[in-house]
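Below are the chains, spelled out letter by letter.
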Amino acid sequence: MEKKQFKAESKRLLEMMINSIYTQKEIFLRELISNASDAIDKIYYKALTDSTLVFDKDSYSIKVTADKEHRTLTIRDTGIGMTAEELENNLGVIAKSGSLAFKKEHASQDGHDLIGQFGVGFYSAFMVADEVTVTSRALGSTQAYKWESTGTEGYSIEPCEKADVGTEITLKIKENTEDESYDEFLEPYRLKSIIKKYSDFIRYPINMDVTTNRPKEGSETELEPHQEEQTINSMVPIWRKNKNELTAEDYEKFYAEKHYGFDKPIKHLHLSVEGAVTYQAILFIPETIPFDYYSKEFEKGLELYANGVLIMEKCSDLLPDHFSFVKGMVDSESLSLNISREMLQHDRQLKLIAKNIAGKIKSQLQSLLKDEREKYEKFYTSFGRQLKYGVYHEFGAQKEALQDLLLFHSSQEGQLVTLDEYVSRMPEDQKYIYYATGESIERIEKLPQTELVTDKGYELLYFTDDIDEFAIKMLMTYKDKEFKNVSSGDLGIETQENQTDQEKQENQELFDYMKAQLAGKVSNVRASQRLKKHPVCLSTDGEVTIEMEKILSAMPN
Ligand code: ADP
Ligand code: MG
């Protein structure tokens with residue numbers, strides 16, 4: 001049987017594609033700039049093997065020019081350009097990527113920095129323009145060509161004049177409609193911010209002409225407008241720089257510029273990992289809690305870049321919940337992106353990166369705890385609760401890793417202590433890790449139940465946070481020592497029964513009376529050896545302690 005090729009209503013397909021792939025119009029600029037950067041990169045890769053070509057980095061740039069009057073936006077590059085045939089193949093065939101082909105051709109070289117791969121990004125221009133003109137002169141050619149299209153009506157290619165090698169793309173920006181405004185794409189400040197957002201780390205300068213006021217010649221007070229070319233992008237991302245060349249201020253500046261927070265971060269981590277996954281990351285442990293941190297509104301996540309181009313502003317998969325306070329970014333070349341480059345195709349690499357990152361954060365916190373206790377305690381005051389949630393929710397190794405990061409108040413010198421510190425100074429005859437729960441340290445210290453333990457010279461952990469006891473219950477033991485609430489029935493502390501039978505008998509009547517009076521409120525009333533200064537205390541026999549019961553009954557069902 002004869003095999004037939006699918007035909008496509010290309011007009012419709014293009015329309016559908018343009019309007020369905022991308023969630024935001026502004027990314028057209030990211031796509032066109034990425035193409036321009038790829039085009040310059042191609043000269044660079046060609047020069048590696050072609051001795052007649054010299055690549056002088058300084059002579060390559062990308063220029064963005066807005067003309068409000070004519071409603072045009074132009075993106076010009078000094079890259080490799082396109083021949084008539086290439087214009088036809090790359091811009092005339094949807095989903096054909098010259099860059100992907102180039103990458104394959106130069107696979108032996110280090111060519112994987114090219115951004116393009118799907119062959120659709122270019123058409124995103126039609127989201128904001130109703131006409132796109134591309135004039136291009138290919139490297140090694142004297143003839144230039146003009147490609148022109150209104151998107152739905154097909155395209156035309158004809159020879160034209162162009163003084164230099166490279167490509168110039170002119171968008172005729174759409175007129176505003178009732179629901180959509182396109183004027184913003186002609187506003188220099190808006191264009192600048194889009195470039196900053198997505199393309200800040202493109203390796204070549206992205207220039208714009210900006211008008212500034214400067215003092216008029218011969219006058220001290222008068223100003224005159226003056227146009228000058230400005231480079232908008234920072235080009236070299238701080239995370240690709242050598243750690244040794246960077247100061248603490250550089251990182252703090254980055255933190256502030258990125259609007260990660262208004263505080264000064266307690267600690268930064270600069271990671272450059274190669275192996276199963278390759279990525280760079282700069283992570284921060286903030287000092288102060290974001291105002292919405294413990295609310296539903298808070299969104300965790302790190303910025304995700306693929307090869308220096310921003311893909312996602314908050315990639316939540318990169319952080320486990322218990323480290324949701326971490327701010328920062330990750331850049332990787334080993335991600336497979338989906339066609340809109342807004343999402344990831346497979347999350348295998350992402351999972352590897354996330355796992356790796358979690359490990360690094362954990363060890364950073366561990367060393368902070370070990371070497372810079374004061375800083376750690378500051379951090380813990382803000383985010384310790386989140387770690388406890390982690391202990392409560394996580395399993396196995398994760399839980400184990402987190403338990404050593406916990407701090408609790410204790411009866412010892414009113415200091416925060418780790419479980420390890422507690423256990424290491426336990427007297428030999430002490431069987432359990434004792435704790436007491438209450439709203440505040442002061443309240444706990446007044447609890448009658450604490451007396452027996454502290455009189456014995458045992459240290460007592462003070463649980464003042466709702467989550468404390470829940471987390472500890474999930475741990476069950478630490479270094480083989482069980483946790484024991486001082487209000488539980490059996491404290492495991494030896495006491496002598498020195499009451500006579502008669503005394504017991506006398507008391508029994510009193511207890512029965514009390515029990516009857518308190519029916520439904522207590523299950524038993526008995527004599528206790530644990531009381532010192534206080535006449536009475538409440539204790540529990542089951543798993544759920546009084547404090548936990550309070551919290552559980554306060555929770556909405
Ligand atoms: P992709 O970048 O994913 O390959 P695009 O639709 O963005 O897809 O671009 C299609 C192709 O057009 C590119 O692969 C490249 O070969 C070519 N191209 C686009 N813009 C330029 C440019 N400024 N200079 C040279 N070639 C370009
Ligand atoms: Mg592209």
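Quick look at the structure, then.

Conventions we followed
- Residues numbered from 1 in each chain as written.
- Chains lettered and ligands numbered in written order.
- Predicted model: local features only at pLDDT ≥ 70, side-chain atom pairs only at ≥ 80, totals over all residues.
- Helix = DSSP H or I, 4+ residues; strand = E, 2+ residues; numbered from the N terminus.
- Rg over C-alpha atoms; globule rule 2.2 N^0.38 Å.
- Buried ≥ 20, exposed ≤ 12 C-beta atoms within 10 Å, placed from the backbone.
- Contact = placed C-beta atoms within 7 Å.
- Pairing = 2+ DSSP bridges.
- Near = placed C-beta within 6 Å.
- Nonpolar A, V, L, I, M, F, W, Y, C, P; charged D, E, K, R; others polar.
- Axes fitted to C-alpha atoms, helices over the stretch in contact; angles between N-to-C directions.
- Expected span 1.5 Å × (residues − 1).
- Core = buried A, V, L, I, M, F, W, Y, C linked by C-beta atoms within 7 Å.
- Left-handed = near helix turned anticlockwise from the far one by under 90°.

It is worth spelling out the overall build of the protein chain at this point. Assigned secondary structure in the protein chain consists of 15 helices and 19 strands. A compact globule built from 557 residues would reach a C-alpha radius of gyration of about 24 Å, whereas the protein chain, at 34 Å, exceeds it by more than 25%. Dimensions of the protein chain, computed from the C-alpha atoms along their principal axes, are close to 115 × 80 × 50 Å. Counting all 557 residues of the protein chain, 33% fall into the buried class. Contacts in the protein chain between residues far apart in sequence, at least 24 positions, make up 67% of those at least 6 positions apart.

A two-sided burial pattern is seen for strand E17 (residues 460–463), the buried positions comprising Leu460 and Tyr462 on one face and Leu461 and Phe463 on the other. Sheet topology places strand E14 (residues 408–410) next to E17; two bridges connect them, and they run antiparallel. Within E17, the position partnered with Ser410 by the bridge is Leu461. As paired elements, strand E16 (residues 433–437) and E17 share four bridges and run parallel to each other. Bridge pairing in E17 places Tyr435 opposite Leu461.

The next point concerns the site of ligand 1. In the vicinity of ligand 1, 23 residues are found, and the nearest of them are Ser97, Gly98, Gly116, Gly121 and Phe122. Among the elements of the structure, helix H2 (27–49), helix H3 (84–92) and helix H4 (98–105) are those that each provide at least two residues to the shell around ligand 1. Looking at the shell around ligand 1 element by element, the count peaks at four residues for H2. When the residues that make up the shell around ligand 1 are grouped by side-chain class, the tally is nine nonpolar, twelve polar and two charged.

The next point concerns the pairing of strand E5 (residues 155–160). By the criterion of burial, E5 is predominantly exposed, with just zero of the six residues buried. Taken together, strand E4 (residues 144–149) and the strand that follows it, E5, pair antiparallel across an intervening segment of five residues, in which Gly151 is found at a positive phi of about 85 degrees.

In a beta sheet, neighbouring strands pair by backbone hydrogen bonds and run either parallel or antiparallel. In space, the five strands of this open sheet follow the order E9-E10-E13-E11-E12, with mixed pairing throughout. Strand pairing shows two members of the sheet lacking a second neighbour, strand E9 (267–273) and strand E12 (309–315), which therefore form its edges. Going from strand to strand, the sheet's axes swing by 15 degrees on average, the running direction of each strand aside. Here E9 pairs with strand E10 (residues 279–285) via seven bridges, running antiparallel. Pairing of Leu271 across the sheet is with Ala281, part of E10. Its contacts with the sheet put helix H7 (residues 348–371) on E9, E10 and strand E13 (327–332), and the angle it makes with E9 is roughly 140 degrees.

It is worth spelling out helix H5 (residues 188–199) at this point. In this model H5 runs 15 Å from its N-terminal to its C-terminal C-alpha over twelve residues, within 8% of the 16 Å that 1.5 Å per residue would give. On its buried face, H5 is in contact with H2, strand E1 (62–67), strand E7 (206–215) and E12.

With that settled, consider the nonpolar core. Side chains of nonpolar character tend, in soluble globular proteins, to be buried together. Counting 116 residues, the largest nonpolar core has Ile33, Ala125, Leu318, Val330, Tyr434, Leu460 and Leu461 as the members making the most contacts within it. The greatest single-element share of this core, amounting to nine residues, is contributed by H2. In this structure Ala125 touches Phe28, Leu32, Val132 and Leu171, once residues within four positions along its chain are discounted.

This part covers the packing of helix H8 (residues 373–393) against helix H9 (residues 396–403). The geometry of H8 relative to H9 is characterised by a closest axis approach of 8 Å and an angle of 150 degrees between their N-to-C directions. Handedness of the crossing formed by H8 with H9: left-handed. Counted together, Leu387, Gly390 and Val391 of H8 and Lys399, Leu402 and Gln403 of H9 form the full contact between these two elements. When grouped by side-chain class, the residues that make up the contact of H8 with H9 number three nonpolar, two polar and one charged.

In this model, Met235 sits at a positive phi of 65 degrees, which is unusual for a non-glycine residue. Note that Met235 resides in the loop between strand E8 (223–231) and helix H6 (248–257). Exposure remark for Met235: the 16 C-beta atoms within 10 Å place this residue in the partly exposed category. In the Ramachandran plot, Lys479 falls in the positive-phi region, its phi being about 45 degrees despite a non-glycine side chain.

So, about the sheet that holds strand E2 (residues 72–77). Spatial strand order, E5-E4-E3-E6-E2-E1-E7-E8: eight strands in an open sheet with mixed pairing. If you trace the sheet from one side to the other, it starts and ends with E5 and E8, each paired once. Going from strand to strand, the sheet's axes swing by 20 degrees on average, the running direction of each strand aside. The strands touched by H2 are E1, E2, strand E6 (166–173) and E7; relative to E2, the strand with the most contacts, the crossing angle is about 20 degrees. Each of E1 and E7 touches H5; the most contacted strand, E7, lies at about 135 degrees to it.

Bringing the environment of Glu88 into the picture now. Relative to the assigned elements, Glu88 resides in helix H3. Sequence separation of Glu88 and Ser59 is 29 residues, and the distance between their C-alpha atoms is 28 Å.

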